[in-house]
There are 2 protein chains.
Amino acid sequence: MKLTSRSEYALLALVCLARHNADGYVSAETIALAQKIPLKFLEQILFALKRAKYLRSSKGQHGGYRLAKPADKIALAEVIRLFDGALAPTESVSKYFYESTPIEKEKNLVKVFKGIRDYVSETLEKTTIADVV
Amino acid sequence: MKLTSRSEYALLALVCLARHNADGYVSAETIALAQKIPLKFLEQILFALKRAKYLRSSKGQHGGYRLAKPADKIALAEVIRLFDGALAPTESVSKYFYESTPIEKEKNLVKVFKGIRDYVSETLEKTTIADVV
DNA sequence: ATAATCCCCATCAGTTTAGTAGGATAATCC
DNA sequence: GGATTATCCTACTAAACTGATGGGGATTAT
């Protein structure tokens, strides 16, 4: 029940980029230093964010990354999903947890976790990078 | 952001035991069959639950497990914590996420995740095994 | 040219997870 | 008291995941 460092770093990087959006391209190294993220690890993450169309980039001197879409169009949920997969808090392992076992299934237990999942999902879906800058 | 199978199996087992609480001791094998859990794996889990005082047991013929306390005194949170550790949805990996980096920390981001953590925590804390039986 | 910077994949060590194995110990039944 | 049934408890393992690190190649600005 926690974020991976990939998701966390991605969010921090996006926040950082959103904040310096007016300054043009920001290099990976700048972000790495600002947010204390290992550079080579951050590169992977930024590249993934670019592939997923959240960033655009420019090579060479004065190159770097910048947001490819407005910060208020990037939901936290999307970012987390990109790195951590589904964010349902109970993507169940046992296939009988959600599915019906012949005789009985634990409907009420499932209901509790569905409620949590929905809350988490909605919260992260409606909160954008712009909201946290 | 999901439960481990250990937590899930533990909850299923507890629900099963709560349901058959009047029938005396229920063997691990019975639970394993009812909830489709690998027997030897379940044994470990039941043993852990016993060590943590949620169950009592009896060996030998007609032995098995039963609840050691009323089902309405066992919160889902306790069980999950026992197997998965802290259930905060953002027990942050990077030490600078919650802590202040000298210049800036992402207070708003932290606020969002604290909100989620609190909701999850409260929900699981107030829901008991009795509630889901 | 050359220096800066992104691009992209391969590898790795450590941890966690899910599950298996096997034998010791204790209670019950005959 | 011996057979049976069950829990108790430790050790092990294969696979996946996590958090990186490393090395080069491609591209662009000066």
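Treat the numbers as computed from the prediction; the structure is a model and nothing was measured. (Residues numbered from 1 in each chain as written. Chains lettered and ligands numbered in written order. Predicted model: local features only at pLDDT ≥ 70, side-chain atom pairs only at ≥ 80, totals over all residues. Heavy atoms only, no water.)

**A word on the overall build of chain A**
Argument step 1. Secondary structure summary: chain A contains seven helices and two strands in total.
Argument step 2. Listing each helix as α and each strand as β along chain A from the N terminus yields α-α-α-β-β-α-α-α-α.
Argument step 3. Once local pairs closer than 6 in sequence are excluded, the contacts in chain A between residues at least 24 apart make up 63%.
Argument step 4. When the accessible surface of chain A is split by element, carbon and sulfur atoms take 50% of a total near 6,700 Å². (Helix = DSSP H or I, 4+ residues; strand = E, 2+ residues; numbered from the N terminus. Contact = heavy atoms within 4.5 Å. Areas by Shrake-Rupley, 256 points an atom, 1.4 Å probe, with all protein chains shown as cover.)

**Re the packing of aromatic side chains**
All names here are of chain A.
Argument step 1. Within the structure shown, the criterion is met by three aromatic pairs over all chains.
Argument step 2. Each ring, one from tyrosine 9 and one from phenylalanine 41, has its centre 5.7 Å from the other, and the planes form 85°; the classification is edge-to-face. Placement of tyrosine 9 in helix H1 (residues 5-19) and of phenylalanine 41 in helix H3 (residues 39-51) is noted, with a sequence separation of 32 residues between them.
Argument step 3. The ring of tyrosine 25 carries arginine 66 above its face, with NZ or CZ at 5.6 Å from the centroid. (Phe/Tyr/Trp six-rings, centres within 6.5 Å; stacked < 30°, edge-to-face > 60°. Lys NZ or Arg CZ within 6 Å of the ring centre and 35° of its normal.)

**Focus on the pattern of salt bridges**
All names here are of chain A.
Argument step 1. If you walk through the whole model with that rule in mind, you get eight salt bridges over all chains.
Argument step 2. With its nearest N and O atoms 3.4 Å apart, the salt bridge here joins glutamate 43 to lysine 40. Of the two residues, glutamate 43 and lysine 40 are both situated in helix H3; the distance of three residues between them amounts to about one turn of the helix.
Argument step 3. Here lysine 40 falls in the exposed class, since its relative accessible area comes to 59%. (Salt bridge = Lys/Arg side-chain N within 4 Å of Asp/Glu carboxyl O. Buried < 20%, exposed > 50% of the residue type's maximum accessible area, 1.4 Å probe, protein only.)

**With respect to the confidence of the model for chain A**
Should pLDDT be low for a region, the predicted coordinates there are not to be read in detail.
Argument step 1. Per-residue confidence for chain A gives a mean pLDDT of 88; residues scoring 70 or more make up 84%.
Argument step 2. Segment residues 91-95 of chain A is flagged for pLDDT under 50; beyond a separation of four residues in sequence, or across chains, it makes 10 contacts in the model. (pLDDT = per-residue confidence, 0-100.)

**Looking at the layout of surface pockets**
Residue and element names in this part refer to chain A.
Argument step 1. Approximately 250 Å³ is the volume found for the largest pocket.
Argument step 2. The set of elements that each furnish at least two residues to the lining of the largest pocket consists of helix H2 (28-35), H3, strand E1 (55-58) and strand E2 (64-67).
Argument step 3. Examining the composition of the lining of the largest pocket, we find that three residues originate from one element, H3, more than from any other.
Argument step 4. Tallied by class, residues from the lining of the largest pocket come to three nonpolar, five polar and four charged. (1 Å grid on protein atoms, 1.4 Å probe; cavity = no way out; pocket = protein on both sides within 12 Å on 5 of 7 lines; lining within 4 Å. Points joined across faces, edges and corners; volume = space filled by probe spheres on them. Nonpolar A, V, L, I, M, F, W, Y, C, P; charged D, E, K, R; others polar.)

**Examining the protein's contact with DNA strand C**
Argument step 1. In the neighbourhood of DNA strand C, 28 residues make up the surrounding shell, with Phe47, Lys50 and Ser57 of chain A together with Lys40 and Gln44 of chain B lying closest.
Argument step 2. Within 4 Å of the protein, the contacting atoms of DNA strand C are drawn from sugar and phosphate to the extent of 66%.
Argument step 3. For DNA strand C, a sugar or linking oxygen lies 3.2 Å from a polar atom in the side chain of glutamine 61 of chain B.
Argument step 4. At the level of secondary structure, the elements contributing two or more residues to the surface near DNA strand C comprise H3, E1 and E2 of chain A together with helix H1 (5-19) and helix H3 (39-51) of chain B.
Argument step 5. Sort the elements by how many residues they give to the surface near DNA strand C and H3 of chain A lands first, with five residues.
Argument step 6. Here the surface near DNA strand C is composed, by residue class, of seven nonpolar, 14 polar and seven charged. (Near = heavy atom within 4 Å. Polar contact = N/O pair within 3.5 Å; in protein donor to acceptor, adjacent residues only side chain to side chain.)

**Considerations on the protein's contact with DNA strand D**
Argument step 1. In the vicinity of DNA strand D lie 27 residues, with Lys40 and Gln44 of chain A together with Ala28, Phe47 and Ser57 of chain B positioned nearest.
Argument step 2. At the protein interface, 66% of the atoms of DNA strand D within 4 Å belong to sugar or phosphate.
Argument step 3. Between DNA strand D and glutamine 44 of chain A there is a distance of 2.3 Å, counted from a base oxygen to a side-chain nitrogen or oxygen.
Argument step 4. Counting only elements with at least two residues in the surface near DNA strand D, the list comes to H1 and H3 of chain A together with H3, strand E1 (55-58) and strand E2 (64-67) of chain B.
Argument step 5. Among the elements that take part in the surface near DNA strand D, H3 of chain B stands out by supplying five residues, more than any other.
Argument step 6. Of the residues that constitute the surface near DNA strand D, the class distribution is seven nonpolar, 13 polar and seven charged.

**Quick look at H3 of chain A**
Residue and element names in this part refer to chain A.
Argument step 1. Compared with the 18 Å implied by 1.5 Å per residue over 13 residues, the 18 Å span of H3 between its first and last C-alpha is a close match.
Argument step 2. Listed in full, the buried residues belonging to H3 are Leu42, Ile45, Leu46, Ala48 and Leu49. Considered in projection along H3, the buried side chains sweep an arc of 155° and stay on one side of the axis. Among the exposed residues of H3, those oriented more than 90 degrees off its buried face are Lys40 and Arg51.
Argument step 3. Contacts from the buried residues of H3 go to H1, H2, E1, E2 and helix H4 (76-84).
Argument step 4. Positive backbone phi, at 75°, marks lysine 53, one or two positions downstream of H3. (Expected span 1.5 Å × (residues − 1). Arc of directions from axis to C-beta.)

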